[in-house]
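# Per-entry structural report
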Amino acid sequence: MPTSQNVLSRDRYAPQPSVMTALRSPRLLTREVLAGLVVALALIPEAISFSIIAGVDPRLGLFSSFVMAVSIAFLGGRPAMITAATGAVALVIAPVAREYGMDYFIATVILAGVFQLVLGVLGVAKLMRFIPRSVMLGFVNALAILIFIAQLPHLVGVPWLVYPLVAVGLLILVGMPRLTKVVPAPLVAIVLLTVATVVTAVNVPTVGDQGELPESLPELFIPNVPLTWETFSIIAPYALAMALVGLLESLMTAKLVDDITDTHSHKTREALGQGAANVLSGLFGGMGGCAMIGQTMINVKASGARTRISTFLAGVFLLILVVALGDVVAVIPMAALVAVMIMVSVATFDWHSIRPATLKRMPKSETAVMVITVAIVVATNNLAIGVIIGVIAAMVLFARRVAHFATVERTLPADETVPTAYYTVTGELFFASSHDLTTQFEYADDPDRVVIDMSDSHVWDASTVAALDAITTKYERYGKRVVIVGMNEASTAMHERLAGNLGAG
């Protein structure tokens, strides 16, 4: 019989609305279908661009996006999140295609998926709890900046007509939701601008200019590489890097969607789903990928999708559009997609985080971590590197702040039969706060008996035990006896296990 705790756990991850609810509601189903179509249209130029970054045929990016979107719709842990070919993954594994060829490239993608499955089983998703809010804000704001920067090549050195088209697209995207939300504003902007450019026959960059679209369905592809240790040693470093970057971006995106939709996602299932999707992508000749933050924001924020239906249909529509309707898709002006992505950028950026009133209230260390994360991401064009360095910066600044909370107070009661110096240690003791602990005792001036009261403190690591050993040793050199009292159970256990065995003296 299921316990109340198990029921609550299932409810916690239950999607709202569910797929069945959406299928029974014409309004919700229409929203999901149109959202999937908008995402598919936005995916095409992105997938082609990422294929070029990776140095492979555009078909690999498009096929990968189809396979991953469809598979993650069933296997993933975050409904409405879009997974497809991405720039971060393309950058990581581009050297494989350039130096070793296509077979090694596909083998790397498959191995990366296997690594992600292993990491998912090991519970790497639980590490998300160690990413502080300031890093999350930096991640979101850097993402918004990167999305905007990615549009600049489509706005520089282009015909002047591109600018009024983008402006009209932005007006539609801003004004349409105020009139009606039945049809997603991005879809309206794309259709109207495409019709306008076709009817007027103006010469502006189109989706077709980004690369050749495939004319056939993806086929099973088994990479022709020798199954040797040498092959593994070549592709494993790239595969592991791809696995880590892909998981980090996917889990961060899932957390972002959780916050936007006020729902919970199953992070471990998402990690396993990403691994399975990458394996399937490689087996069908795709370049792999991870969660696409920009397209996810289009799906969730701009189009209002909430279920796996939109993710599944994004993949299906993508395949239909590029294989069956390639000639139609090719005439879509890039200006329409640029306008959509600019609005996504504006909507993604957390403007509240940079308001003067917010900056005044926030601790300087929190603001510093956010700025560091943004700066690193924008400088490296890699969200994963920025998040890792942001977390490290947050840890260092937190340790510095907490280190000052540990205090030592000395008293010398006059009415003691045996002259005794009492030291009261207060605070959390770890490597940062216990570093200067040895300097806060009066070794030469104290009487022969010293009592160190640890009732208001906690010993967290070996550094603190080593510091206490050093204090005891210094007093013994003066012929004085130290008694440590008041330790809680956990601190006592650590102290008894390590004291005298750390080489301190």
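A brief report on the enclosed structure follows. (Residues numbered from 1 in each chain as written. Predicted model: local features only at pLDDT ≥ 70, side-chain atom pairs only at ≥ 80, totals over all residues. Heavy atoms only, no water.)

Under the 1.5 Å per step criterion, the end-to-end length of helix α13 (residues 308–324) is 24 Å for 17 residues, consistent within 8% with the ideal 24 Å. Regarding α13, the residues found buried are R308, I309, S310, T311, L313, A314, G315, L318, L319, L321 and V322. If you check the start of α13, you find a side-chain oxygen 3.2 Å away from the backbone N of I309, and it comes from T307. (Helix = DSSP H or I, 4+ residues; strand = E, 2+ residues; numbered from the N terminus. Expected span 1.5 Å × (residues − 1). Buried < 20%, exposed > 50% of the residue type's maximum accessible area, 1.4 Å probe, protein only. Polar contact = N/O pair within 3.5 Å; in protein donor to acceptor, adjacent residues only side chain to side chain.)

This part is about unusual backbone geometry. Among all residues except glycine, the phi angle is most often negative; among peptide bonds, the trans geometry is most common. Phi angles above zero are rare outside glycine, and A80 is one such case at about 75 degrees. By the secondary structure assignment, A80 is in the loop between α4 (58–75) and β1 (83–84). In this structure A80 comes out as buried when scored by relative accessible area, which is 2%. At D262, a residue that is not glycine, the phi angle is positive and equals roughly 55 degrees. By secondary structure assignment, the location of D262 is in the loop between α10 (229–261) and α11 (267–283). Overall, D262 belongs to the exposed group, its relative accessible area being 71%.

Read across the sheet, four strands follow the order β3-β4-β5-β6 without closing on themselves; strand pairing throughout is mixed. Of all the strands in the sheet, the pair left with one neighbour each is β3 (407–411) and β6 (481–485). Adjacent strand axes in the sheet meet at a mean angle of 20 degrees when their direction is disregarded. As judged from the nine bridges shared by strand β4 (residues 420–429) and strand β5 (residues 449–459), these two strands associate in the parallel manner. Each bridged residue has a counterpart across the sheet, and for T424 the counterpart in β5 is D453. (Pairing = 2+ DSSP bridges. Axes fitted to C-alpha atoms, helices over the stretch in contact; angles between N-to-C directions.)

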